[in-house]
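# Fold and geometry: a report
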Amino acid sequence: MNKNNIIIAMATYNGETYLEEQIESIINQSYQNWRLIIQDDGSTDDTIGIVHKYISQDQRICLVKNDSNEHGAYANFYTLLEKIKNGNFGNDYNYIA
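Residues numbered from 1 in each chain as written. Predicted model: local features only at pLDDT ≥ 70, side-chain atom pairs only at ≥ 80, totals over all residues. Heavy atoms only, no water.

This part takes up the pairing of strand β3 (residues 61–65). Of all the 5 residues making up β3, 4 are buried; the element is thus mostly covered by neighbouring parts of the structure. Bridge count between strand β2 (residues 34–40) and β3: 5 bridges; the pairing is parallel. Bridged to Gln39 within β3 is Val64. You can see the chain leave β2, run along helix α2 (residues 47–57) and come back into β3, and the turn it takes is right-handed. (Buried < 20%, exposed > 50% of the residue type's maximum accessible area, 1.4 Å probe, protein only. Helix = DSSP H or I, 4+ residues; strand = E, 2+ residues; numbered from the N terminus. Pairing = 2+ DSSP bridges. Right-handed = clockwise from strand over helix to strand, strands pointing away.)

Now the structure itself:
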């Protein structure tokens, strides 16, 4: 991916109700130079299945699991941002959303 990309951080937990709508909204934006990193915090609904469906359709989407000992909305999002900041997904971006 080229510089000027945007990494979009999305933390999920049992989000199947609105997840497809959220992902579709990102995909349908006019700006297309982005990468979506979704970190799940142990969902028990169909969140993972929905994400895998989109991963199979769009290589810009990536799923990781919250493998830390800290869980909950704050910890899930914070650990995802730390992974991005530490270069786990490369350094070829200028913005995090």
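For side chains bearing opposite charge, pairing can occur when the charged atoms are close. Under the criterion given, the structure shown has 4 salt bridges. Close ionic contact of Lys53 with Glu20 constitutes a salt bridge, the shortest N to O distance being 2.6 Å. On the criterion of sequence distance, the pair formed by Lys53 in helix α2 and Glu20 in helix α1 (residues 16–27) is long-range, its members being 33 residues apart. Judged by relative accessible area, which is 32%, Glu20 ranks as partly exposed. (Salt bridge = Lys/Arg side-chain N within 4 Å of Asp/Glu carboxyl O.)

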